[in-house]
Amino acid sequence: GFGQKAADVAAPAPTPAELLKKSMELYDEIKKDLRATVRDDDDDADDTPVDPADDYSVTEYVVTVRLTADCASEAADAFSDWVPVCIMNLKSSNRADTRQLLPQAVGASCKEILEAGCQSVTVLRKAPRTSVEYAYEPIDSYNSHVYEGLFSRGDRRAEALEALGVGAGADAAEVKRRHRKLMMELHPDRFVGDEEGAAAANERMIRVQQAYEELGGGTGGASSAYAGIGGKARVDFSDALDKSALSPLGKRRIGQDLPVELEGWRVGVFPLEPSVSQEFTLRNVMAKA
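Residues numbered from 1 in each chain as written. Predicted model: local features only at pLDDT ≥ 70, side-chain atom pairs only at ≥ 80, totals over all residues. Heavy atoms only, no water.

A separate point is the overall build of the chain. Across its full length, the chain holds 10 helices and four strands. Starting at the N terminus, the α and β elements of the chain follow one another as α-β-β-α-α-β-α-α-α-α-α-α-β-α. By the burial criterion, 39% of the 289 residues in the chain qualify as buried. Excluding contacts between residues fewer than 6 apart, the proportion of contacts in the chain whose partners are at least 24 apart in sequence is 77%. Surface accessibility of the chain: about 16,600 Å² in total, with carbon and sulfur atoms responsible for 52%. (Helix = DSSP H or I, 4+ residues; strand = E, 2+ residues; numbered from the N terminus. Buried < 20%, exposed > 50% of the residue type's maximum accessible area, 1.4 Å probe, protein only. Contact = heavy atoms within 4.5 Å. Areas by Shrake-Rupley, 256 points an atom, 1.4 Å probe, with all protein chains shown as cover.)

On average, residues of the chain carry a pLDDT of 86, and 85% of them reach 70 or more. Counting contacts from residues 219–223, a segment whose pLDDT is below 50, to residues more than four positions away or on other chains yields three contacts. (pLDDT = per-residue confidence, 0-100.)

Judged by nonpolar contacts, the single largest core of 48 residues is most densely connected at F79, I113 and Y134. No other element matches strand β2 (residues 83–93), which puts six residues into this core. Residues in contact with I113, not counting those within four places in the same chain, are V63, V65, V85, C86, V106, Y134 and V269. Counting 17 residues, the second-largest nonpolar core is a separate cluster that includes F191, A201, M205 and L215. (Core = buried A, V, L, I, M, F, W, Y, C linked by side-chain atoms within 4.5 Å.)

What follows concerns the sheet that holds strand β1 (residues 56–67). Backbone hydrogen bonds hold the strands of a sheet together, and the pairing may be parallel or antiparallel. Read from one edge of the open sheet, four strands run β3-β1-β2-β4, paired in antiparallel fashion. Only two strands of the sheet have a single neighbouring strand rather than two, namely β3 (132–138) and β4 (265–271). Along the sheet, successive strands turn relative to each other by an average axial angle of 30°, direction set aside. Across 10 bridges, the pairing between β1 and β2 is antiparallel. Within β2, the residue paired with E60 across the bridge is N89. Contacts from helix α2 (residues 98–108) reach β1, β2, β3 and β4, with the element oriented near 125° to β2. Taken strand by strand, helix α3 (residues 110–120) contacts β1, β2, β3 and β4, and its axis lies near 150° from that of β2. (Pairing = 2+ DSSP bridges. Axes fitted to C-alpha atoms, helices over the stretch in contact; angles between N-to-C directions.)

In total, this model carries 10 salt bridges according to the counting rule given. R66 is the partner of E133 in a salt bridge, and the nearest nitrogen-oxygen pair spans 2.7 Å. Of this pair, E133 sits in strand β3 while R66 sits in strand β1, and the two are 67 residues apart along the sequence. There is no split in this pair, since E133 and R66 are both buried. With a closest N to O distance of 2.6 Å, E137 and R234 form a salt bridge. Of this pair, E137 sits in strand β3 while R234 is found in the loop between α8 (225–228) and α9 (243–246), placing the two residues 97 residues apart along the sequence. (Salt bridge = Lys/Arg side-chain N within 4 Å of Asp/Glu carboxyl O.)

Okay, here's the thing in structure tokens:
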């Protein structure tokens with residue numbers, strides 16, 4: 001009746017955007033702790049015992065996502081190979097094994113990680129969450145092998161376009177057609193009896209193939225072109241994390257509520273610049289063309 005007390009209404013669950021915003025705030029807090037540990041290390045000149053509350057470390061990673069090969073969504077080509085989407089920082093006790101904690105941190109933060117990717121590349125919203133795979137690597141490894149290589153490639157890209165004889169606005173299909181045409185024109189069978197011409201054609205063929213690979217084509221059958229960036233020197237990329245290690249996806253872990261000095265941990269997520277994620281999705285689409 002009119003005098004009956006209204007039933008309690010459950011508060012709506014936070015949206016992915018709200019979760020990401022909160023995680024970004026925590027990321028900033030953890031980042032301050034990272035700067036504090038650096039200062040403490042610089043100033044620590046004696047053997048004074050460390051307060052357990054201050055006995056922690058902060059590590060940073062770049063998290064990447066891709067879609068499984070059987071995914072039929074509109075995002076399948078763009079995320080057919082790994083795409084970096086965010087930075088994740090982890091605060092934990094110095095006694096903790098971060099390699100064991102990282103899959104838990106990624107699994108607990110998967111909604112925030114995906115939202116970071118969706119805000120940069122909106123087509124990811126159309127992908128089924130069951131098709132998403134996750135990987136990570138330390139930020140130092142990413143910066144030296146991936147980021148610096150990506151953003152120092154302007155001159156190489158211009159040279160590659162010139163080698164193929166296509167303009168800066170050429171799409172993936174045009175690049176592929178031009179590559180195929182040149183490789184046929186430079187084939188050794190066309191230079192039988194012409195050693196000088198064959199040698200020149202071979203040199204140009206090598207340049208054409210290198211240019212094609214620079215523009216995103218010709219992965220050579222490798223399972224992951226992204227994982228191959230940096231060659232053998234890049235050893236810290238995790239590749240796909242096992243789903244069982246990530247489970248339960250999107251669920252808060254007990255360690256996130258424990259004090260850090262009692263084996264607790266904190267994790268924050270911050271999106272990468274959208275242009276970075278978009279560059280990799282464009283290269284993935286080109287490789288599929």
